[in-house]
Amino acid sequence: MDSSTNAQRPSEGTHLNLTVEGMTCASCVGRVERTLAKVPGVTGASVNLASERAAVAFAGTPDVPAAIAALHKAGYQVAEDSVELSVTGMTCASCVGRVERVLRKVPGVTEASVNLASERARVRVLRGVPTTALIAAIERAGYEAKPVAAAGDLFDAEEARRSAEQGALKRALTLAAIFTLPVFLLEMGAHLIPALHHLILATLGQQANWILQFALSALVMFGPGLRFFRLGVPALLRGAPDMNSLVAVGTSAAWLFSLVATFAPGLLPAGTVHVYYEAATVIITLILLGRFLEARARGRTSEAIKRLIGLQARTARVRRDGQVLEVAIDAVRGGDEVEVRPGERIPVDGEVIEGASFVDESMIIGEPVPVEKAPGAGVVGGTINQNGALTLRATRIGGDTVLAQIIRLVEQAQGAKLPIQALVDRVTLWFVPAVMLAALLTFIAWMVFGPAPALTFALVNAVAVLIVACPCAMGLATPTSIMVGSGRAAELGVLFRQGEALQLLKDAKVVALDKTGTLTRGKPELTDLFLAEGFERGMVLARVATVEDRSEHPIARAIVAAAEAENLALGQLENFESVTGYGVRATVDGVRVEIGADRFMAQLGLDVAIFAGEAQRLGDEAKTPLYAAVDGRLAAMLAVADPLKDGTPAAIRALHDLGLKVSMITGDNRRTAEAIARQLGIDEVVAEVLPDGKVAAVERLKAAHGRLAFVGDGINDAPALAAADVGLAIGSGTDIAIEAADVVLMSGDLRGVPTAIALSRATLGNIRQNLFWAFAYNTALIPLAAGVLYPVNGMLLSPIFAAGAMALSSVFVLGNALRLKRFQPA
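If you check an unreviewed UniProt entry, the chain appears there as P-type Cu(+) transporter from Azotobacter chroococcum NCIMB 8003. As stated in UniProt under Subcellular location (unreviewed entry), the record for the chain gives "Cell membrane".

**Quick word on the packing of helix α19 (residues 537–548) against helix α20 (residues 554–565)**
Packed helices, taken two at a time, are described by their axes: the angle between them and the distance between them. Following both chains from N to C, one finds α19 and α20 inclined at 140°, their axes separated by 9 Å at the closest point. Judged on the interaxial angle alone, α20 and α19 are oblique. Of the two possible hands of crossing, α19 and α20 adopt the one that is left-handed. Contact residues: α19 offers Leu-541, Val-544, Ala-545 and Glu-548, while α20 offers Ala-556, Arg-557, Ile-559, Val-560, Ala-562 and Ala-563. Its residues placed into classes, the contact of α19 with α20 shows 8 nonpolar, no polar and 2 charged.

**Topic: the packing of helix α7 (residues 206–221) against helix α9 (residues 243–263)**
Where α7 contacts α9, the two axes come as close as 10 Å, and the packing angle between them is 150°. As the angle between them shows, α7 and α9 are arranged roughly antiparallel. When you trace α7 past α9, the crossing you get is left-handed. Residues Gln-207, Trp-210, Ile-211, Phe-214, Ser-217, Ala-218 and Met-221 of α7 lie in contact with α9, whose contacting residues are Thr-251, Ser-252, Trp-255, Leu-259, Ala-261, Thr-262 and Phe-263. Grouping the constituent residues of the contact of α7 with α9 by class yields 9 nonpolar, 5 polar and no charged.

**Details of the environment of Leu-246**
Structurally, Leu-246 can be placed in helix α9. Residue Leu-246 is classed as buried on the basis of its relative accessible area of 0%. Residues Leu-246 and Met-436, 190 residues apart in the sequence, show an inter-C-alpha distance of 7.4 Å.

**Things to note about the UniProt feature "transmembrane region" (unreviewed entry) in the chain**
UniProt marks residues 172–190, 210–233, 245–268, 274–293, 427–449, 455–478, 771–790 and 796–818 with the feature "transmembrane region" (unreviewed entry), using the numbering shown here. End C-alpha atoms of residues 245–268 are separated by 26 Å, and the span's content is 79% helix alongside 0% strand.

**Describing the packing of aromatic side chains**
As enumerated under the stated definition, the model contains 10 aromatic pairs in all. Where Trp-446 meets Phe-457, the ring centres are 5.4 Å apart and the plane angle is 15°; that geometry is what we call stacked. Highlighted residues: Trp-446 in helix α14 (residues 421–449) and Phe-457 in helix α15 (residues 454–468), separated in sequence by 11 residues. Classification of Trp-446 as buried rests on a relative accessible area of 7%. Grouping aromatic residues by their ring pairs yields a cluster made of Phe-214, Phe-222, Trp-255, Phe-263 and Tyr-277. Sitting over the ring of Tyr-582, Arg-599 keeps its end group 6.0 Å from the ring centre.

**Here's the deal with the sheet that holds strand β11 (residues 337–340)**
Within the open sheet, the 6 strands sit side by side as β10-β9-β11-β17-β12-β15. Their pairing is antiparallel. Two strands close off the open sheet at either side, each with one partner strand: β10 (323–328) and β15 (378–379).

**Side note on the sheet that holds strand β28 (residues 708–712)**
Taken together, 7 strands build an open sheet; the order of strands is β18-β30-β29-β28-β19-β26-β27 and the sheet is mixed. Both edges of this open sheet fall to β18 (494–496) and β27 (684–686), since each of them pairs with a single strand only. The mean inter-strand angle of the sheet, taken between neighbouring strand axes irrespective of direction, is 20°. Pairing of strand β19 (residues 510–514) with β28, which is carried by 4 bridges, proceeds in the parallel orientation. The residue of β28 that forms the bridge with Leu-513 is Val-711. Docked against the sheet, helix α24 (residues 670–680) engages β26 (661–665) and β27, running at close to 155° with respect to β27.

**Side note on the pairing of β26**
Burial analysis of β26 places 4 of its 5 residues in the buried class, which makes it a mostly covered element. Inspection of the sheet shows β26 paired to β27 by 3 bridges, in the parallel sense. Bridge pairing in β27 links Ile-665 to Val-686. Taken together, β26, α24 and β27 form a β-α-β motif whose crossover is right-handed.

**A word on unusual backbone geometry**
Residue Ala-452 is joined to Pro-453 through a cis peptide bond whose omega torsion reads -10°. Although it is not a glycine, Asn-575 adopts a positive phi angle of roughly 55°.

**A few points about a nonpolar patch on the surface**
On the surface, Leu-437, Leu-440, Leu-441, Ile-444, Met-447, Val-448 and Phe-449 cluster together to form a nonpolar patch covering roughly 730 Å² of accessible area. The topology assignment puts Leu-441 in helix α14.

**Quick notes on the environment of Pro-451**
Within the secondary structure layout, Pro-451 lies in the loop between α14 and α15. When near neighbours in sequence (up to four residues on either side) are disregarded, Pro-451 contacts Trp-446, Phe-457 and Tyr-790.

**Some words on the confidence of the model for the chain**
When the pLDDT values of the chain are averaged, the result is 81; 87% of them are 70 or greater. In this model residues 1–12 is a low-confidence stretch, pLDDT under 50, and it forms 28 contacts with partners more than four residues away in sequence or in other chains.

**Notes on the pattern of salt bridges**
According to the stated counting rule, one finds 25 salt bridges in the structure shown. A salt bridge links Glu-339 to Arg-319; the shortest N-O distance between them is 2.9 Å. Taken together, the positions of Glu-339 in strand β11 and Arg-319 in strand β9 (residues 315–320) put the pair 20 residues apart, joining distant regions of the chain. Here Lys-702 and Glu-699 are joined by a salt bridge, their closest N and O atoms 3.9 Å apart. Linking Lys-702 with Glu-699, this pair stays in helix α25 (residues 694–705), spanning 3 residues, or about one helical turn. In the salt-bridge network here, residues are joined through shared partners; they are Arg-319, Glu-337, Glu-339 and Glu-354.

**Thoughts on the side chain of Arg-317**
Assignment of secondary structure puts Arg-317 in strand β9. Separated by 2.8 Å, the side chains of Arg-317 and Glu-344 make a polar contact. If we skip the residues at most four places from it in the chain, Arg-317 touches Val-324, Leu-325, Glu-326, Glu-337, Val-338, Glu-339, Arg-341 and Glu-344.

**Notes on the side chain of Asn-209**
Mapped onto the fold, Asn-209 is located in helix α7. With near-sequence residues (within four places) excluded, Asn-209 lies in contact with Leu-186, Ile-200 and Leu-204.

**What about the pairing of β11?**
Alternating positions in β11 separate cleanly, Val-338 and Val-340 being buried on one face and Glu-337 and Glu-339 remaining unburied on the opposite face. Of the strand pairs in this sheet, β9 and β11 are connected by 3 bridges, and their pairing is antiparallel. Considered in β11, the bridge of Arg-317 is made with Glu-339. Sheet analysis places β11 next to strand β17 (residues 390–396), joined by 4 bridges and oriented antiparallel. In the strand pairing of β17, Val-338 is matched with Leu-392.

**Comments concerning α25**
Here α25 is 12 residues long and its end C-alpha atoms lie 16 Å apart, about the 16 Å a rise of 1.5 Å per residue gives. Listing the buried residues of α25 in full gives Lys-694, Ala-697, Val-698 and Leu-701. In a view along the axis of α25, the buried residues occupy a sector of 100°, so they form one face of it. Of the residues in α25, the exposed ones pointing more than 90 degrees away from the buried face are Arg-700 and Ala-703.

**Comments concerning α20**
Compared with the 16 Å implied by 1.5 Å per residue over 12 residues, the 16 Å span of α20 between its first and last C-alpha is a close match. The complete set of buried residues in α20 reads Ala-556, Ala-558, Ile-559, Val-560, Ala-562 and Ala-563. On its buried side, α20 packs onto β20 (525–531), α19, β24 (624–630) and β25 (633–641). Downstream of α20 by a residue or two, Asn-567 has a phi angle that is positive, lying close to 55°.

Each value, and the rule that gives it
- Note that residues are indexed from 1 along each chain, following the sequence as it is written.
- In keeping with the predicted nature of the model, local features appear solely for residues at pLDDT of at least 70, side-chain atom pairs appear and are counted solely at 80 or more, and the whole-chain, interface and lining totals rest on all residues.
- The basis for every side-chain value is the complete set of non-hydrogen atoms in the structure, without hydrogens or water.
- UniProt positions are given in the numbering used here, feature names are shortened, and annotations may be inferred rather than shown by experiment.
- Axis geometry follows a simple rule: fit a line to the C-alpha atoms, using only the stretch in contact for helices, then measure angles between N-to-C directions, giving values from 0 to 180 degrees.
- Secondary structure elements are defined from DSSP: runs of H or I of at least 4 residues count as helices, runs of E of at least 2 residues count as strands, and each element is numbered from the N terminus.
- Under this scheme an angle from 65 to 115 degrees is roughly perpendicular, one under 35 degrees roughly parallel, and one over 145 degrees roughly antiparallel; angles in between are oblique.
- Left-handed describes a crossing whose near helix is turned anticlockwise from the far helix through less than a right angle; right-handed describes the clockwise counterpart.
- Here a residue-residue contact requires only that any non-hydrogen atoms of the pair lie within 4.5 Å.
- When residues are grouped by polarity, Ala, Val, Leu, Ile, Met, Phe, Trp, Tyr, Cys and Pro land in nonpolar, Asp, Glu, Lys and Arg in charged, and all others, Gly among them, in polar.
- Exposure categories follow from relative accessible area, calculated using a 1.4 Å probe and restricted to protein chains: below 20% of the type maximum is buried, above 50% is exposed, and the middle band is partly exposed.
- Stacked, tilted and edge-to-face are the three classes applied to pairs of Phe, Tyr and Trp rings, where Trp contributes its six-membered ring and a pair requires centres within 6.5 Å; stacked means planes under 30 degrees apart, edge-to-face means over 60, and tilted covers the rest.
- As a reminder, the over-ring test applies to NZ of lysine and CZ of arginine, requiring each to be within 6 Å of the ring centre and within 35 degrees of the ring normal.
- When DSSP finds two or more bridges between two strands, those strands count as paired.
- The handedness rule is simple: strands pointing away from the viewer, and a clockwise path from the first strand over the helix to the second, make the crossover right-handed.
- The patch calculation keeps residues exceeding 30% relative accessible area without a salt bridge and links them within 9 Å when they carry like charges or within 5 Å when they are nonpolar (Val, Leu, Ile, Met, Phe, Trp, Tyr).
- Values of accessible area rely on a 1.4 Å probe in the Shrake-Rupley scheme; residue burial ignores everything except the protein chains shown.
- We define a salt bridge as a side-chain nitrogen of Lys or Arg found within 4 Å of a carboxyl oxygen belonging to Asp or Glu.
- Each residue carries a pLDDT score, the predictor's own confidence in it, on a scale running from 0 to 100.
- Any pair of N or O atoms that falls within 3.5 Å is considered a polar contact. Within protein, one atom must be able to donate a hydrogen and the other to accept it, and sequence-neighbouring residues count only if both atoms are side-chain atoms.
- A helix's residues, less one, multiplied by 1.5 Å, set its expected span.
- Each direction from the helix axis to a C-beta atom contributes to the arc, which is the arc of those directions.

Encoded structure:
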């Protein structure tokens, strides 16, 4: 019998089903039910162990996060899914807030984040919540939504939609401009040019002039301008006005007043009979111009994604059943043998099994130098094969390829909400209603205290307040900068896995670096070989490598690898002997060879003083010298070490130039660590740290210096990467380290760290500029539009200029964000 049968059944109210993971027996069922029953607002819970489902009833609005937190504390996990929706119809920051609010009210939604620039909604829901419920909620709020497919599948449809939107806006703008121009000339031209005024009165007369303006403005209002009423009026009736509502109310007020003045002037007080057809039409035309420019600029913000998607090959040449077939990229299977000709784009991730070539990987990792590929080397889909034919075995296909993962990471970063966005969200929740209230108060104030004709002044200034305060710039200020900044980062080989890292990284005070694989190449190499007089490099290295080939020690393998790299043939080995504590000896091609420390040479009666100067230098560089004797004579001094990566010194200098302290955390001995620190100018060394001690070292450095960024590449770096304020993983490192990090440096070059920090600072600076412009603009222009300067100097802000300023503010914010596309690392 199911243990849940004795549980309290959910009572009347809002019901939710939770998928609870981690339950193993009937006692777990009881524990989960008791835990849920203690959550405020829960009236009942019934748990089924077999289906791992918990049916929970709430008395009022479900507090899903509280229920999840309680289960987590009790040791259980609640299964959640992430849903991404494309939302159309949003025009300003208030739309964003509205969509987020309706999504959060859907039972089972734990988190909702909407991005105006990318027109995407990311929603965390309890497993089992249908996407249709989310779409229905958005549609009830007056917007359209549909699920987002995979990046490659969606790309063409998204491009087509954006292109259609731009085309529709361009047609509407053109039509509005054609009909607005004569209205503007008939009214404003007559005011500005007395001769034109007299000509119009003499030919048309005032009444005919107004009727003609009415006809032309009606074509604008109910043609191109109808979009504002179609969206704005329903939003107003729902009690949730948006930017479209402001435009609809403002232009209709001006147009309807003009309509009365034209056809029923007797209804208006004496001295107030005047028309504002030109204001209504010019406002609509200018706002359409702003929207058209916005649409074009928004398309440019996602160019990084477009370029990445454009790197994906459409077809692949696959060997099957003794034939070479050209198939669609979706038809490639793991393990397929794929042929790639010179100049072609590599279609999938794989391992080279035939051929040799150089591959341009700059589009993926940001490094311009082509990489040599030979059998056994890995290749990445989307990179370009240069001069040789390759055959590779497909290892990752479809959404598992590196390129697909990069696209997903960039999309996630572009859609992220930074902490700074919280301020904007709080303001925009009440901004549009507050603007409508300000417009109403402006109208009342001018009617009560304004000069004659008070109604005219009241109408014009109220319309100006409505139009000038549209919060487009507020809504676009943050997301456009994030989109362009994270896209530019991807082009430079820096992937922000967590959007918050884009903001946190700018405040880093200290950068802590792992040594092996981060500062260094992570693989011992023969770094130095000094020869005694009378010996030749190739002969000595070949004989030493022949002896060391017997050993699996990393130093021995490095010497053998160096000989192989120089195409030296190993000799015939005999009489191999290990001399404990001293070194090794053997006979190679009939000649005695001995390799070991200086004390081994001393035991053999050989003086190593001729290498004293070089030995001192090697010691300063934390390299341990080895000596080789051939046929009883001192032949050479060798050094094997883990060499620094080529870009490491420049990276450390760049970090110092950014005003950062640089620390090194390593498990190596202190002498080696401090020698490398001296060589690179590193400020602080934490050496001889066990893997589990790196987290404690990170915490100490954070306490001493402030916000910390940690850079690492190995499995043992994962805890430290997670513990740091921002973790940066070397892209050539392990998958575990990359998963634990907030930022991934795809090239494996440490110079990506100062690039990431500099780009973070540039992006946040850009966001602050945008927010200052957006908030300062509204703060300054709303009082101006309301007429606060009129008693001082008689100045009023025409609704036409208000519309132009509103459109200009959005275009300015977008243009400022697009400057990040030109960011170059120092």
